[in-house]
Structure formats: structure tokens, C-alpha cells
Amino acid sequence: VGGVTISRDEVVKEEDPTNNVPDTIFSKIGMQLHKRPDHPLGILKNVIYNHFDERYPGLFHKFDDLSPIVSIKENFDDVLVPSDHVSRSYNDTYYINSETVLRCHTSAHQGQMLRDGYTHFLVSGDVYRRDAIDATHYPIFHQMEGFRVFTPNEWEKAGLDGTTLAANELKETLEGLAKRLFGNVETRWTDSYFPFTDPSYELEIFFKEKWLEVLGCGVTKQEILTDNGQGGKTAWAFGLGLERLAMVLFDIPDIRLFWSSDPRFTAQFTAGQLGIKFKPFSKFPPCYKDISFWISDAFTENNLCEVVRGIAGDLVEEVSLIDKFTNKKGMTSHCYRITYRSMERSLTDDEINFFQANVREEAQKKLNVILR
Ligand code: PHE
């Protein structure tokens, strides 16, 4: 990939039933927003890179154009995701085919990086998840992975065991990063769970009267190190969502804006400048349309969202379940409210009616629901 877009035909055999990647996603692979130095995601990525460069001169290798197309082994097995974990399902992950996925996290590169002999690395890139639609969720977003290996002489010198040294150093590094990004904020650690770390933590910051989760991290499980040529050592790892942080840091109200090429958005940011607050250029009116249907057993909200996105693209702002009941015959009805809104202009009634008519038709055809 490496900045070049790929076409569906290059990677998917025609009508392959093990592929669930729609064209709307294919058309965005290779955009690499995180590599644009004057895009909020690129600005943030570079500030984090600089932080590591200053704190650990020359220590961390940086990778930001590894292909998002990875094997199931890399995305799941290498990082010990259990075989029955929901994240492996077709409902949650985009499968190119039965062996290959669009990475759902940058942790997909941990195993290969270690096998290639890297012990200190930062990996940034686009990640893909099937999900619901709202102002903070988009099927493509960007993460940065950090990973650092420690050798026995490092923890012996510190007079600590390996896990304690890794955990202490991890917390110190990330608190320093949070302060660099957010100023002198209050931070706290909460316990968490990830299949690849133990112990696992989440870092939260107190921002605008609320505790906000900023990243997940932990001490890497021994098995990952042993399996990938780094036995006898310890390591820490973290993964942070760039959009999540950028929305807060730049005051960006809707995750779709990151994909906008409207100069009223793009021209507001400058390479190297974190302090800039986005000024909404205008708020155009939303339009709400409801759709009700009897669901089938196989129905999922993620599949509905994919249908809506396939038709209205980035003009859909939210899909939310507003009513649900089961009748005496055991049939279940769902009513979803779809919010259509452009961030760039007013939508016309004709346009919206056309979208909604198509959503009704496609939902019926592709999701096996019965419209009411
Ligand atoms: N991969 C995790 C996620 O996407 C984040 C993470 C990375 C957590 C590394 C711990 C260590 O949520």
C-alpha cells in the first residue's frame, strides 16, 4: 500500500462470500491522513513522535506506512486474542477473505516487529472496525502503538523485578505524554483487560469536568516475547486512538470532519501547531428519517450501518435505535432514527428522500428484514 490506493479487484476474488469489505472502505484505504503534516492527525502524530525523540533520543523506531492488510495470525493470533473473541467476528472486523483482514488495531504489528528484531518502536496507521454510526465512531480511524522491551540487566540495575520496572516506566512515560499534550491535567490509572497484556491499564485525564479515557496499555504477556524471539525479557505496550485525542485537542465536533477536503476545514490547521481550536464554519440543519422493520435472526446494527453508509456515505451522522419490541408471535421490531447532515452544505429534501428510499430497499434486500 504505502500511500497508494488499492482497488477492490486487486485483492478480492469476484463474489467471494468471505469478503465483507464494501467499496466505501476500499476507496479510503491508502489515504494515510496521519502522514499529512498539516492535518490534525498528522500534527498530533508528529508531536507524539517528538515527545519520544526528546525523551529517548534515537531509541524508538517509527513506522507509519505498514500495510493495513494483515493476516488473521498477525491481527489476532500473534497477540493472543482467543479464538472465540467477538473481535474476530464478521460483524466486528473487515475480512478481505478468510485469511486476511483489515487490521482492527496497530497491535497487529507487534509479532512481526519483534520477529524482525525491533525492541523499541512506534507504529502509526489506519485501523478498521465495523461499528455503529455516531459523531465519534467511523469505520476507519487511526492508532499509534508503542512498544518497549527491557533486558534483565535493566531491571537488576534498578533493583526491581521485570514487570515492576516495565509497569513503572510505562506509567511515567505516558503520564509525561499526557501532560505534553494536555498541559497540567490531572491523570488517573484504571485497571483494564487486553488479551496481550497483564497487568493492563487505561489512562484517563480530567478534562472539561469529566474523566476521559485516552489510551490502553500494559505489560506484555511473556508468551508474546517468547514466541517472537525475545524470551527472558519484559516489555510494555500501549495503543492510543489519534482521532479521540485530536477531537479533544483541536475541538473537532464530528469524526467525519477528519475526512473532509473542504478548505474551510483543512486550512485551519498548521504543521507543528497543537494549540489551534477548530472554528465550525457553519452548522447545517440535520434531517431525521425513521425506518421500522421486523428483524431476522441474523440482523445486526453494524450491518444496517454499513447499508446506510453505502448509500449516504459521510452524509449520515448517526443511526440510533429509538424503539424495539417483540409481539405475541415472537417477532421483534426495531425502529432506527437516521440523522442525515452534511458538514459542508444544506441537503435538499429530494436528496434525503432518495437516500431513505434506497436505504429501505437495500435493508430489505440485504438484511432480510420486513419493512413495516
Ligand atoms: N490494541 C488495543 C486496542 O485497540 C490497545 C492496546 C495496545 C492495549 C497495546 C494494550 C497494549 O484497544
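Computed from a predicted structure; not experimentally measured.

Rules used throughout
- Here, residues in each chain are numbered from 1, in the same order as that chain's written sequence.
- The predicted nature of this model means local features are confined to residues of pLDDT at least 70 and side-chain atom pairs, given and counted, to a pLDDT of 80 or more, with totals for whole chains, interfaces and linings taken over all residues.
- The basis for every side-chain value is the complete set of heavy atoms in the structure, and neither hydrogens nor water enter the calculation.
- Two kinds of site are reported from a 1 Å grid over the protein atoms alone, namely cavities, where a 1.4 Å probe fits but cannot get out, and pockets, open sets with protein on both sides within 12 Å along at least five of seven lines, and residues are called lining when an atom falls within 4 Å of a point.
- Grid points are joined across faces, edges and corners, and a volume is the space filled by probe spheres set on the points.
- Labels follow the DSSP assignment, with helices taken as runs of H or I lasting at least four residues and strands as runs of E lasting at least two, numbered in each case from the N terminus.
- Put simply, Ala, Val, Leu, Ile, Met, Phe, Trp, Tyr, Cys and Pro go in the nonpolar bin, Asp, Glu, Lys and Arg in the charged bin, and everything else, Gly too, in the polar bin.
- Each aromatic pair joins two rings of Phe, Tyr and Trp (for Trp, the six-membered one) with centres within 6.5 Å, and gets the label stacked for planes under 30 degrees apart, edge-to-face for over 60, and tilted for any other angle.
- Using a 1.4 Å probe on the protein chains alone, a residue whose accessible area is under 20% of its type maximum counts as buried, one over 50% counts as exposed, and one in between counts as partly exposed.
- Distance and angle both matter: a charge sits over a ring if NZ of Lys or CZ of Arg is within 6 Å of the ring centre and within 35 degrees of the ring normal.
- Note on definitions. A residue lies near a molecule or strand when any single heavy atom of the residue is within 4 Å of it.
- Under the rule applied, a polar contact is a pair of N or O atoms within 3.5 Å (in protein, one hydrogen donor and one hydrogen acceptor; residues adjacent in sequence only if both atoms are side-chain atoms).
- In these tables, accessible area is a Shrake-Rupley quantity obtained with a 1.4 Å probe, and a residue counts as shielded only by the protein chains included in the view.
- Per residue, pLDDT measures the predictor's confidence, with a range of 0 to 100.

Caption draft 1: Main features of the layout of surface pockets. The calculated volume of the largest pocket comes to roughly 1,200 Å³. The wall of the largest pocket is formed by 46 residues, among which Arg129, Phe141, Gln143, Phe194 and Glu213 lie closest to the centre. Elements represented by at least two residues in the lining of the largest pocket include exactly β5 (140–150), β6 (187–194), β7 (197–207), β8 (210–220), β9 (234–241) and α9 (242–249). For the lining of the largest pocket, the element with the highest residue contribution is β8, accounting for seven residues. The calculated volume of the second largest pocket comes to roughly 740 Å³. Forming the boundary of the second largest pocket are 29 residues, of which Asn19, Asn20, Pro22, Glu306 and Lys366 lie nearest the centre. Broken down by secondary-structure element, the contributors of at least two residues to the lining of the second largest pocket are α1 (8–11), α2 (23–26), α11 (301–312) and α12 (349–367). Among the elements that line the lining of the second largest pocket, the one with the most residues is α11, at five residues. Residue composition of the lining of the second largest pocket, grouped by class: ten nonpolar, eight polar and eleven charged.

Caption draft 2: Structural view of the packing of aromatic side chains. One pass over the full model with this rule turns up 24 aromatic pairs. On the numbers, 6.2 Å between centres and 90 degrees between planes, the contact of Phe278 with Phe281 is edge-to-face. The class of Phe281 is partly exposed, set by a relative accessible area of 23%. These aromatic residues form a ring-pair network of at least three members: Phe52, Tyr56, Phe60, Trp236 and Phe238. Here the guanidinium or amino end of Lys28 rests over the ring plane of Trp259, the centre of that ring lying 5.8 Å away. The ring of Trp294 carries Arg372 above its face, with NZ or CZ at 4.8 Å from the centroid.

Caption draft 3: The arrangement of the site of the ligand in detail. Surveying the vicinity of the ligand reveals 13 residues, the closest of which are His105, Ser107, Arg129, Gln143 and Gly239. A distance of 2.9 Å separates an oxygen atom of the ligand from a polar atom in the side chain of Arg129. Contact with the protein chains covers 89% of the free accessible surface of the ligand, which is 330 Å². Elements supplying a minimum of two residues to the shell around the ligand: β5, β8 and β9. Ranked by the residues each element gives to the shell around the ligand, the list is headed by β9, at three residues. Among the residues forming the shell around the ligand, the class breakdown is five nonpolar, six polar and two charged.

Caption draft 4: Here's a closer look at the confidence of the model for the chain. Taken as a whole, the chain shows an average pLDDT of 95; of its residues, 99% reach a score of 70 or greater. Reported confidence for the predicted complex is 0.99 by ipTM and 0.94 by pTM.

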